[in-house]
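Here is what each chain is made of, one letter per residue.
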Amino acid sequence: MKMDTICRLCSACCPVEVVIEEGKLVGAERKSFLPSAKALKCPKLKAASEIVYSPARLKKPLVKKKQISGNDFAETSWNEALDLIAEKFRHCKKSYGPESVCWLRGMAADWGAQWDYANRLMNAFGSPNTIGNGSVCHVAREMAHVYTYGAMTLPQPKNARCIVVWGKNDRNTCPPACEAILYAKEQGAKLIVIDPIRTPLAAMADIWLQIKPGHDGQLAMAMIQEIISNDLYDTGFVENFSLGVEDLKEAAKAYSAEKIAERIWLNPDRIKAAARLYATTRPACIIEGNGLDMQLQTFQATRAVCMLRALTGNLDKDGGDFIPQPVPVKNIQLKERLPRNIRPITCDYPLFNEFHDNWGLHAQSCLVDAILDEKPYPIKMLIVQSGNPVVTMTDSNRVKKSLEKLEFMVVIDPFLTQTARFADVVLPATGCFEKTQLNRAYMRNSPVMLQNQVIDWVGHSWPDWKITFELARRLGLDQEFPWQTAEEAIDYQLEPSGITCAMLRKNPAGIRAEALKYEKYHKQGFATPSGKVEFFSERLQKNSQLAVPYMDGSNENPISFAGQSDEEAMIGTSGERTNRFTHSQFHNIPSLLRREPEGFVDIHPDDAKQRKIFNGDLLKLETPRGHIRMKARISDVVHPGAIQIAWGWGEVDPDFNLNNLTDDDRRDPVTATPSNRSFMCKIEKVFGD
Ligand SMILES: Nc1nc2c(c(=O)[nH]1)N[C@H]1C(S)=C(S)[C@@H](COP(=O)(O)OP(=O)(O)OC[C@H]3O[C@@H](n4cnc5c(=O)[nH]c(N)nc54)[C@H](O)[C@@H]3O)O[C@H]1N2
Ligand SMILES: Nc1nc2c(c(=O)[nH]1)N[C@H]1C(S)=C(S)[C@@H](COP(=O)(O)OP(=O)(O)OC[C@H]3O[C@@H](n4cnc5c(=O)[nH]c(N)nc54)[C@H](O)[C@@H]3O)O[C@H]1N2
Ligand code: SF4
Ligand SMILES: [Mo]
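Residues numbered from 1 in each chain as written. Chains lettered and ligands numbered in written order. Predicted model: local features only at pLDDT ≥ 70, side-chain atom pairs only at ≥ 80, totals over all residues. Heavy atoms only, no water.

In the neighbourhood of ligand 1, 34 residues make up the surrounding shell, with Met107, Asn388, Asp413, Lys435 and Ser584 lying closest. A distance of 3.1 Å separates a nitrogen atom of ligand 1 from a polar atom in the side chain of Ser574. Gln585 is positioned such that a nitrogen or oxygen atom in its side chain is 2.8 Å from an oxygen atom of ligand 1. Notes on ligand 1: free accessible area 930 Å², of which the protein chains cover 96%. At the level of elements, β16 (408-413) and β21 (570-576) are the ones that each hand at least two residues to the shell around ligand 1. Structurally, the shell around ligand 1 is a two-domain feature, drawing no fewer than three residues from each of domain 2 (62-134 + 328-506) and domain 4 (562-685). (Near = heavy atom within 4 Å. Polar contact = N/O pair within 3.5 Å; in protein donor to acceptor, adjacent residues only side chain to side chain. Areas by Shrake-Rupley, 256 points an atom, 1.4 Å probe, with all protein chains shown as cover. Helix = DSSP H or I, 4+ residues; strand = E, 2+ residues; numbered from the N terminus. Domains from an automatic or database assignment.)

If you want it as structure tokens, here you go:
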């Protein structure tokens, strides 16, 4: 039997068709608009049945045996596990106040209605502290869009004549987007790639700018300067639908290509050529990604990139950057129920906390501050759902210290991860094919699609919705969580749209809540305070932030430890996603390991020669926060002076955990984003061992 659903093994959220035999998932294939010979294959999806039925899957709730030292767990029943957790919720509320309990969600791959359920439970319980990982993923990016033109745009590469891929590696991270780029390229579209690494898309680009890691904001300002000073911008659009272009003009003067090229490792003529090609080939879209997201200046840099879209009049055009038409849904988070006098632990980042109706709190680093430094007050109990913070959060050694200090910790995950080992109770969650769920990626724009349960729960695991609903009822929140099935809850949330779960099941390609419209700003303006695109933001000015990006003329080096490194240090870049793994996940799946059995440090041949490093040599990388060991791979995909460190292997061995190297002391002032992707590190060969 074949069934339709959405794959959530990573956050690409591909629509897929799965093959079910005797109730078991035996195969799955991505749906693609390309003929099947050209469609991109996904190794993770190919391994789906190995992942779902992995012997390492947790089958029952686990409780830590306190009397035995080490990481020993005993199996228990759902009743006992949930009763114990509910008792700890009550104990913390009574002893320290409800705000001492925090719920942390990871994995953008699982964003969806589940985020709303966790918020609803916590808000009704009385704690404002439901924290996501958006400060190191795309929520900070979303805020930069919202502050510029009211919503996060969706690039439309398929019909574009020019595509800019800025810090995004869609070949490995988002096959549907990559297919659209490849298709457009075949139709003659121009491709510009801005990436410190020669990715597959960079290798086929018309212009590839191999930027110095972390310096994208200055590049965007140079492109703005080139476009404005040569009158290449869309004057009609800018005059009628924006404000502050004069201020932007002024700010950009300090960043001409000649002035900044050398310090960002680029050639001024190539910067100008890229700016001109983008501005003069319409429609054009910019696909920006995680390469921009984890920088110390992420908010200003992304705002500058957003301004390029507006200057060139590409906003809300087919083939440009589309302003989404979100599906009307109920906001079910119950934020209004929170006592007004309790501040969240992320209170130092008020603009980030409040920029959106239902994104909620994402200054993830504040959780560690609250546990360790008790600022603004201590967190005593933590629930971690679909995240592996010991491996994926900044400065892992500090994170581990904080988890050890907790009074009680719960992890909800299909696997016993490095993080789960710190927990007092581990609840076995089902994976994506075992649950029905509304998907936020598809809620932000019609058409809505359903993630559909296609197989039974493995062992005694439960889907996240059921875990949350059952826990809520044990906390006396029966009225807030009256639903017995995922479908009931989804229908409740979708009510304003007139769409139901049953309708979605009958329409696997999705249902549009309203007809697709471009250039909506003619009628409704932009969802900013002024109703216009805001090159100058009064909101930011009032809150003591830069009203125009880089208007202070800063040329600061935004790489961690830049000031304190010795001459021998290199720029460590992190986070490479290969298409076999999702962050810390799947490093225990045999077929995926067969092709990629370990992670490597990519080092340029010139640097390797100078340091007498050969392929396969064991290297020690070190920063003031810690060290890792990994083997060298000589490769010219990197720029001399920079290395690329494999990502996610910290789940296999703490010695491979690159977040041992990252720094959480400096953060973007608006979005609390640390520099997870670029930091100075010392590199030396390990002899013997
Ligand atoms: N230095 C550095 N740090 C980074 C990054 C980087 O590039 N460099 N990337 C950042 C980014 S973009 C992100 S999004 C984060 C990712 O950080 P995490 O969210 O911690 O990433 P994962 O390792 O994917 O962890 C997801 C966990 O969810 C579990 N899981 C899978 N499916 C389900 C489910 O349906 N239900 C439940 N309950 N659990 C499930 C998995 O087993 C896994 O343990 O890391 C960030 N950290
Ligand atoms: N296979 C797989 N797919 C995934 C994931 C996964 O772990 N594995 N994770 C999912 C998640 S949560 C996310 S957020 C997305 C992320 O997906 P992408 O946004 O594609 O993220 P990455 O591949 O991490 O990084 C994109 C590119 O940024 C480049 N880069 C690094 N530093 C810089 C810089 O300073 N400037 C510029 N301009 N570029 C830089 C990298 O070299 C890389 O080519 O992928 C999702 N899809
Ligand atoms: S790219 Fe991600 S979402 Fe798409 S099929 Fe592969 S694992 Fe699933
Ligand atoms: Mo992410």
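So, next bit.
This part takes up the nonpolar core. Trp166, Leu219 and Ile224 are the most contacted members of the largest nonpolar core, which totals 60 residues. The residues touching Ile224, leaving out its near neighbours within four places in the chain, are Leu248, Ala252, Ala304, Met307, Leu308 and Leu311. Counting residues in hydrophobic clusters, the runner-up holds 52 residues, among them Ala12, Ile559, Met570 and Ile645. (Core = buried A, V, L, I, M, F, W, Y, C linked by side-chain atoms within 4.5 Å. Buried < 20%, exposed > 50% of the residue type's maximum accessible area, 1.4 Å probe, protein only. Contact = heavy atoms within 4.5 Å.)

Once that is clear, we can look at the domain arrangement of the protein. Many descriptions give the size of an interface as the accessible area lost when the pieces come together. Annotation of the protein at the domain level lists domain 1 (2-52), domain 2 (62-134 + 328-506), domain 3 (153-323) and domain 4 (562-685). Averaged C-alpha coordinates put domain 1 and domain 4 at centres separated by 30 Å. Facing the seven residues of domain 1 at the interface are nine residues of domain 4. A combined buried area of about 700 Å² lies between domain 1 and domain 4, and 63% of that area is made up of carbon and sulfur atoms. When the area that domain 1 buries against domain 4 is broken down by residue, the three leading residues are Pro43, Lys44 and Glu50, summing to 62%. Where domain 1 packs against domain 4, one counts three residue pairs in polar contact (both at pLDDT 80 or more). When residues of the side of domain 1 that touches domain 4 are traced back to their parent elements, those giving at least two are α1 (43-46) and α2 (48-52). (Buried area = accessible area lost by both parts, 1.4 Å probe.)

Within the open sheet, the seven strands sit side by side as β5-β4-β17-β16-β15-β6-β7. Their pairing is mixed. At either end of the open sheet lies a strand with only one pairing partner, and these are β5 (73-75) and β7 (130-131). Bridging between strand β6 (residues 101-105) and strand β15 (residues 381-385) involves five bridges; their strand directions are parallel. By the bridge assignment for β15, Trp103 is matched with Ile383. Together, β4 (62-64), β6, β15, β16 and β17 (425-428) form the strand contacts of helix α3 (residues 78-96), whose direction differs from that of β17 by roughly 130 degrees. (Pairing = 2+ DSSP bridges. Axes fitted to C-alpha atoms, helices over the stretch in contact; angles between N-to-C directions.)

The final tally for this structure, using the stated rule, is 20 aromatic pairs. Their ring planes at 80 degrees and their centres at 5.5 Å tell us that Phe33 and Tyr183 sit as a pair that is edge-to-face. Placement of the pair is Phe33 in the loop between β3 (24-30) and α1 and Tyr183 in helix α7 (residues 175-186), with a sequence separation of 150 residues. Judged by relative accessible area, which is 39%, Phe33 ranks as partly exposed. Considering the side-chain rings of Tyr147 and Phe299, the 5.9 Å spacing of their centres and the 80 degrees angle between planes classify their relative orientation as edge-to-face. Of this pair, Tyr147 sits in helix α5 (residues 139-149) while Phe299 sits in helix α15 (residues 298-311), placing them 152 residues apart in sequence. Judged by relative accessible area, Phe299 falls into the buried class, the value being 0%. A connected cluster of aromatic rings, assembled from ring pairs, spans Tyr117, Trp465, Phe469, Phe481, Trp483 and Tyr492. Note that Lys93 overlies the ring of Phe125, its terminal NZ or CZ placed 4.5 Å from the centroid. (Phe/Tyr/Trp six-rings, centres within 6.5 Å; stacked < 30°, edge-to-face > 60°. Lys NZ or Arg CZ within 6 Å of the ring centre and 35° of its normal.)

Turning to the site of ligand 3, a few remarks are in order. The immediate surroundings of ligand 3 are formed by Cys7, Leu9, Cys10, Ala12, Cys13, Cys14, Arg30, Cys42, Lys44, Leu45 and Pro175. In terms of residue class, the shell around ligand 3 is made up of nine nonpolar, no polar and two charged. (Nonpolar A, V, L, I, M, F, W, Y, C, P; charged D, E, K, R; others polar.)

Once that is clear, we can look at helix α22 (residues 486-494). Those residues of α22 that sit buried are Ala486, Ala489, Ile490, Gln493 and Leu494. When α22 is viewed along its axis, its buried side chains cluster within an angular range of 125 degrees and face the same direction. (Arc of directions from axis to C-beta.)

A few words now on the sheet that holds strand β23 (residues 618-623). In space, the six strands of this closed barrel follow the order β21-β25-β22-β24-β23-β26, with mixed pairing throughout. For this sheet, the mean inter-axis angle between neighbouring strands, taken without regard to orientation, is 45 degrees.

Should the charged atoms of two oppositely charged side chains come close, the side chains can pair. Evaluated as defined, the whole model comprises 43 salt bridges. Close ionic contact of Asp4 with Lys31 constitutes a salt bridge, the shortest N to O distance being 2.7 Å. A residue pair is termed long-range when its members are at least 10 positions apart, and Asp4 in strand β1 (residues 2-6) and Lys31 in the loop between β3 and α1 qualify at 27 residues. The exposure class of Asp4 is partly exposed, given its relative accessible area of 27%. One network of salt bridges, with partners in common, ties together Asp83, Lys466, Glu470, Arg473 and Arg474. (Salt bridge = Lys/Arg side-chain N within 4 Å of Asp/Glu carboxyl O.)

Assignment of secondary structure puts Asn615 in the loop between α27 (605-610) and β23. Residue classification places Asn615 among the exposed residues on the basis of a relative accessible area of 55%. With 10 residues separating them along the chain, Asn615 and Pro605 place their C-alpha atoms 9.9 Å apart. In this structure, Asn615 is in contact with Ala632, Arg633 and Ile634, ignoring residues within four places of it in sequence. At 2.8 Å, the side chain of Asn615 and the backbone nitrogen of Ile634 are in polar contact.

Along the chain, the position of Val548 falls in the loop between α25 (538-542) and β21. Classification of Val548 by relative accessible area gives buried; the value is 0%. Residues Val548 and Thr148, spaced 400 residues apart in sequence, show a C-alpha to C-alpha distance of 10.0 Å. Excluding residues that lie within four positions of it along the chain, Val548 makes contacts with Asp247, Leu248, Ala251, Gln300, Arg303, Phe535 and Phe536.

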